[in-house]
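Observations on the model geometry
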Amino acid sequence: MLIALLGTVPFAILAFIVNESPRWLLVNNKTDQAKKVIKRMGRLNGVTLKDEDFDNAKIPCEPNKIGQEMEGKRLKRKSFIALFKTREMSKIVLLLSLNWFACIFVYYGITLNAGALSGNIFLNATLNSLLEAAATLLIFFTIDRFGRRKLLACSHLITGLGLLANMTTTLIRPNGDLLTVAKVLAFIAKFGISFGSGIVYQYTTELFPTELRSNGFGLCATIGRTGGLFAPFLIDLQRIYIWLPNTIFGAIAIIAGFSTFLLPDTVGMNLLENEEEANYFYKNWRSMGNKRVEEKKSAIYVVNETFEMNEAELQ
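Residues numbered from 1 in each chain as written. Predicted model: local features only at pLDDT ≥ 70, side-chain atom pairs only at ≥ 80, totals over all residues. Heavy atoms only, no water.

A word on the pattern of salt bridges
In total, this model carries 3 salt bridges according to the counting rule given. Residues K190 and E132 are paired through a salt bridge, measuring 3.4 Å at the closest nitrogen-oxygen approach. You can see K190 sitting in helix α9 (residues 177–207) and its partner E132 sitting in helix α7 (residues 121–146), a full 58 residues away along the chain. Note on E132: relative accessible area 26%, which makes it partly exposed. In this structure, R148 engages E206 in a salt bridge whose closest nitrogen and oxygen atoms are separated by 2.8 Å. (Salt bridge = Lys/Arg side-chain N within 4 Å of Asp/Glu carboxyl O. Helix = DSSP H or I, 4+ residues; strand = E, 2+ residues; numbered from the N terminus. Buried < 20%, exposed > 50% of the residue type's maximum accessible area, 1.4 Å probe, protein only.)

Structure (C-alpha cells):
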C-alpha cells in the first residue's frame, strides 16, 4: 500500500505544473489566462507569440457585435442538467454510460477471475498484463485509421463472443485440450475489453462539447465505476452456477457493442465547443465546420462591403 501511495506523488505535483486547457479558458471567456497558456506552449515549442498574433487570429465580424454579449459578463457555469436538455445529447449520454459500464464491469470481471483459469496463476496474470499492454499499444496505430466507433464496437463484440464461447467450454466440463481452448478464449476476451477500455476514454472526450466535457465525462465514468462494484459479487455466483458470470459479462459486452453503432464517429473532426455544435453533430453525424466557414465568410463580406460604401461616401 505504501508503494502504491508513493506512486501518486508525481501526479499530485503535476497539478501545480500542468496548465488549464486554453480551449476551455477561451470558451469560458478567460482570454487573458488563455493567452498566457498559449504563449507558454509556444515558448516550449520554440515559437515566440506576440499580442499582434492574437489580434491577427481573430475572425472579422460585424463591428456592433464585437464583445456585446461577452464583455463584462461572467458565463453561467453549466450543470449536469444541461446534459439532458435535448433528446440528442441525452441519447449520447445514455449510450456512452452503457459503454463505460460494460467496459469496467467486464474488465474487472475478467481480471478478478483470472485465478479461475487453468495452469499457473502467476503465468496467467503475466499474460493478462502483456495482452493489456499490447491492446493499449495497438490503439495508437488503429484509432485514427479505422475510427472510434467501429473499433469500440468490434472490441465489445469480440469480448462478448470470447466470453460466451468460454462459457460453452465450461459447460462441457473440459479437460486437456479443451482447457487450453477455454484459456485462449478468456485471453481473447481480455484483449478485447482492454482495447475497448482504452478507446472509450478518448471517444467520450470527443463526443462532448468543451463547455460540458468535464460534466459528461465525469457522469459516464461514475456510472462505469458502478460496474466495478458489481463485478466481484457476480464472480462469486460461479460457486453456484459456474456458467452464469461469463454469460452475463458476455451478454453485456455484446449489447454494448451493438449500441455503439448508434453513436457518430469523431475521427478527423475538430473538438466540439458548445451545445449548438454538439446537437448539430448528433443530428447530422457531421460537424458544423463548413457551416461556420460560410458564416465567417459572410461576416467578412459584410464588413468589407460596409467599409467600401463608407469610403465611397467620403470621396
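Some thoughts on the layout of surface pockets
Roughly 440 Å³ of internal volume is contained in the second largest pocket. Taken together, 24 residues line the second largest pocket, and the ones lying closest to its centre are A116, L117, N166, T170 and N246. Within the lining of the second largest pocket, the residues separate by chemical class into 14 nonpolar, 8 polar and 2 charged. (1 Å grid on protein atoms, 1.4 Å probe; cavity = no way out; pocket = protein on both sides within 12 Å on 5 of 7 lines; lining within 4 Å. Points joined across faces, edges and corners; volume = space filled by probe spheres on them. Nonpolar A, V, L, I, M, F, W, Y, C, P; charged D, E, K, R; others polar.)

Structural notes on the packing of helix α8 (residues 148–171) against helix α11 (residues 244–260)
When two helices pack together, their arrangement is given by the angle between the helix axes and the distance between those axes. Packing of α8 against α11 brings their axes to within 7 Å, and their N-to-C directions diverge by 160°. It follows from the interaxial angle that α8 and α11 lie roughly antiparallel. The interaxial crossing formed by α8 with α11 has left-handed handedness. Of α11, the residues touching α8 (which contributes R149, L152, A153, H156, L157, T159, G160, L161, L163, L164, N166 and M167) are N246, T247, F249, G250, A251, A253, I254, A256, G257, F258 and T260. (Axes fitted to C-alpha atoms, helices over the stretch in contact; angles between N-to-C directions. Parallel < 35°, antiparallel > 145°, perpendicular 65-115°, else oblique. Left-handed = near helix turned anticlockwise from the far one by under 90°. Contact = heavy atoms within 4.5 Å.)

What about the packing of helix α6 (residues 87–112) against α8?
Packing of α6 against α8 leaves a shortest axis separation of 12 Å and a crossing angle of 40°. With respect to α8, the axis of α6 lies oblique. In the packing of α6 onto α8, the handedness of the crossing is left-handed. Contacts between α6 and α8 involve N99, A102, C103, V106 and I110 on the former and, on the latter, L152, H156, T159 and L163. The residue inventory of the contact of α6 with α8, partitioned by class, reads 6 nonpolar, 3 polar and no charged.

Re the side chain of S259
Following the sequence through the fold, S259 ends up in helix α11. With relative accessibility at 8%, the residue S259 sits in the buried group. Of the polar contacts made by the side chain of S259, one reaches the backbone oxygen of A256; its length is 2.8 Å. Setting aside its immediate chain neighbours within four residues, S259 contacts L95, L98 and N99. (Polar contact = N/O pair within 3.5 Å; in protein donor to acceptor, adjacent residues only side chain to side chain.)

Some points on the side chain of E206
Relative to the helices and strands, E206 resides in helix α9. When neighbours within four sequence positions are excluded, E206 is seen to be in contact with R148, T266, L271 and L272.

A look at the nonpolar core
By size, the foremost hydrophobic cluster in this structure holds 29 residues, and its most contacted members are I199, F208 and Y282. At the level of secondary structure, the elements contributing two or more residues to this core comprise α6, α7, α8, α9, α10 (213–236) and α12 (275–284). Take this core: its biggest share by element is 8 residues, from α6. Not counting the four nearest positions on each side in its chain, I199 is found in contact with I139, I143, R148, L151 and L152. With 13 residues, the next largest nonpolar core counts I110, I193, L234 and F249 among its residues. (Core = buried A, V, L, I, M, F, W, Y, C linked by side-chain atoms within 4.5 Å.)

Remarks on the packing of aromatic side chains
For the structure on display, the rule yields 9 aromatic pairs. Relative to Y108, the ring of Y107 has its centre 5.6 Å away and its plane inclined at 90°; by these criteria the two rings are edge-to-face. The exposure class assigned to Y107 is buried, which follows from its relative accessible area of 18%. Given the relative accessible area of 32%, Y108 is considered partly exposed. When the ring of F191 is compared with that of F195, the centres are 6.4 Å apart and the planes differ by 15°; the resulting orientation is stacked. (Phe/Tyr/Trp six-rings, centres within 6.5 Å; stacked < 30°, edge-to-face > 60°.)

What to know about the environment of D236
Relative to the elements of secondary structure, D236 occurs in helix α10. In this structure, the C-alpha to C-alpha distance between D236 and N113, residues 123 residues apart in sequence, is 9.5 Å.

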